[in-house]
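Fold and contact review
The lines below spell out each chain.
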Amino acid sequence: MIRKVTKMSRRFLTGALSAATAAGLVLSLTACGGTTKNDSSGSGPAQSTAAADPNAATKQGVKMAFLPKQLNNPYSDIEVGGGKAALDELKGAYKLVGPNDASASSQVSYINTLIQQQQDVIGIAANDPNAVCPSLNQARSAGIKVVTFDSDAAKDCRDLFINQASTQGIGEQLAKQAKDLSGGSGEIAVLSATPNATNQNAWIEVLKQQLAKPEYANLKLDKIAYGNDDDQKSFQEAQGLLQSFPNLKVIVSPTTVGIAAAARYVSSSSYKGKVAVTGLGTPNQMRAFVKDGTVKQFALWNPADIGYLAAYAGVALSSGQITGAPGQKFKAGKLGEYTVGANGEIVLGPPTVFDASNIDKFNF
Ligand code: RAM
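What comes next is a walk through the structure. Everything quoted here is computed from the prediction, not taken from an experiment. Sequence order sets the numbering: in each chain, residues are counted from 1 along the sequence as written. With the structure being a predicted model, the display of local features is reserved for residues of pLDDT at least 70 and the display and counting of side-chain atom pairs for 80 or more, all residues being used for whole-chain, interface and lining totals. Excluding hydrogens and water, the side-chain values take into account all heavy atoms of the structure.

If even one non-hydrogen atom of a residue comes within 4 Å of a molecule or strand, that residue is called near it. Looking at the ligand, the residues that line it are Lys69, Asn73, Tyr75, Asp150, Gln164, Asn199, Gln200, Trp203, Asp229, Pro254, Thr255 and Thr256. At 3.4 Å, a side-chain N or O of Gln164 approaches an oxygen atom of the ligand. Here an oxygen atom of the ligand and a side-chain polar atom of Asp229 are 2.6 Å apart. Using the Shrake-Rupley algorithm and a 1.4 Å probe, accessible areas are obtained, with residue cover drawn only from the displayed protein chains. The fraction of the free accessible surface of the ligand (290 Å²) that becomes covered by protein chains is 99%. Just so you know the grouping, Ala, Val, Leu, Ile, Met, Phe, Trp, Tyr, Cys and Pro go in nonpolar, Asp, Glu, Lys and Arg go in charged, and all remaining residues, Gly too, go in polar. For the shell around the ligand, the residue count by class is three nonpolar, six polar and three charged. A domain assignment, automatic or from a database, supplies the domain bounds used here. Counting the residues that make up the shell around the ligand, at least three belong to each of domain 1 (5-164 + 302-349) and domain 2 (167-300). Here a polar contact is taken to be a pair of N or O atoms separated by no more than 3.5 Å, where protein atoms must pair a possible hydrogen donor with a possible acceptor and residues adjacent in sequence count only if both atoms sit in side chains.

Structure representation (structure tokens):
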């Protein structure tokens, strides 16, 4: 059972995701472009003026292409697997394309191709909020709906953003983990993804705001390093942090690639047991490091649900049931009903915190 949740919680949340659901994730990376005709009634780059018709029939055959930050990241694989499952339910046509690196401009050529292919909806986790904008707005001018998920683009070049959890909540969670694992004082460092990533930068901004509060006064942020969501680079950056800051107590990595690489480095070094690694990771990538004691605690949501929700939102847009205006509601299959929030943002739900006591309940 997937529990629909609407509020961020910093407390332990167990049972939000079941192993059974996770086992059912569709992880296929096979592209299967659709054959139906494109809908040409799009709103274009400006805010849509067309009225939503919540009673409009759900269109079948909607062609939705997913363009994650990069293809060679298990997290992205799970996300788009959820998108494919939703499109199967909705009798839509799923497609997956994407770069092998998460650099700022790596997605532009893919967007241009998707426009030529007359997709109905593009679902994109943006590697940079602005670099993708001209192409996304060309797509919207051609009648294609744009749903960002995981990592937003600037809000004037997409119709909706599926946020995994509230940005504020994730940033607060990261700060709390750093504080708890340091014992309340000492040096910490962040190992992030790319310097341009919209999502990580937003979370780090909240983390910094938290650190400026009196209750965090004894924590010192030494550095923000960037592993570019590349395993090797992240591993080297983790090593570099520990060499540069011998008093480091906690590495906070708000990326599944970074946290796994940092944990791998620490687990096989003399820092094991002395330096904590935390942040955002998938249970399957982190399990061994929780078992060997390197990682006490980390957090995440179910990535499959992000793709699933993005697909339902994309088909609701394409069907004219919603236009992306705040307050509009739509049904998202097994996840239940969602409401479009301010700035066209839809929040999936709160993250789950994982540790030795619950990690074996999760399989993704
Ligand atoms: C990495 C990516 C992704 C982010 C997760 C937490 O897989 O950077 O965008 O949401 O980590």
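Neighbouring strands of a sheet are bound in pairs by backbone hydrogen bonds; such pairs are parallel or else antiparallel. Strands are treated as partners if at least two bridges between them are detected by DSSP. A helix here means a DSSP run of H or I that spans at least four residues, while a strand means a run of E at least two residues long, and both kinds are numbered starting from the N terminus. Strand order in this open sheet of four strands is β7-β6-β8-β9, and the pairing throughout is parallel. A single partner strand is all that each edge strand has here, and the edge strands are β7 (219-226) and β9 (276-279). Ignoring which end each strand starts from, the neighbouring axes of this sheet average 25° apart. Relative to strand β8 (residues 248-253), strand β6 (residues 186-192) runs parallel, the two sharing four bridges. Axis lines are fitted through C-alpha atoms, for helices just across the contact stretch, and the angle between N-to-C directions can take any value from 0 to 180 degrees.

Salt bridge, as used here: a side-chain nitrogen of Lys or Arg that lies within 4 Å of a carboxyl oxygen of Asp or Glu. Taken as a whole, this structure holds 10 salt bridges when the rule is applied. Across the pair Arg140 and Asp159 runs a salt bridge, and its minimum N-O distance is 2.9 Å. With Arg140 in helix α4 (residues 133-141) and Asp159 in the loop between β4 (145-149) and β5 (160-163), this residue pair connects regions lying 19 residues apart in the sequence. Overall, the relative accessible area of 4% leaves Arg140 in the buried class. Throughout, exposure labels follow a simple rule: accessible area from a 1.4 Å probe, protein chains only, divided by the maximum for the residue type, with under 20% read as buried, over 50% as exposed, and the rest as partly exposed.

Another aspect to go through is the environment of Gly82. Here Gly82 shows up in helix α2 (residues 74-89). When the C-alpha positions of Gly82 and Pro303 are compared, they lie 7.6 Å apart, and in sequence the two are 221 residues distant.

Before going further, it helps to examine the pairing of strand β1 (residues 63-67). Extensive coverage of β1 is indicated by the burial of five of its five residues. By the alternation rule, side chains of β1 split into Lys63, Ala65 and Leu67 and Met64 and Phe66, which are all buried. Crossover handedness is defined by viewing with both strands directed away from the observer: a clockwise path from the first strand over the helix to the second marks the crossover as right-handed. Between the parallel elements β1 and strand β2 (residues 93-96), the chain passes through α2 in a crossover that is right-handed. In terms of strand pairing, β1 meets strand β3 (residues 121-124) through four bridges, oriented parallel. By the bridge assignment, Phe66 is partnered in β3 with Gly123.

Function cannot be inferred from these measures alone, as they are strictly geometric.
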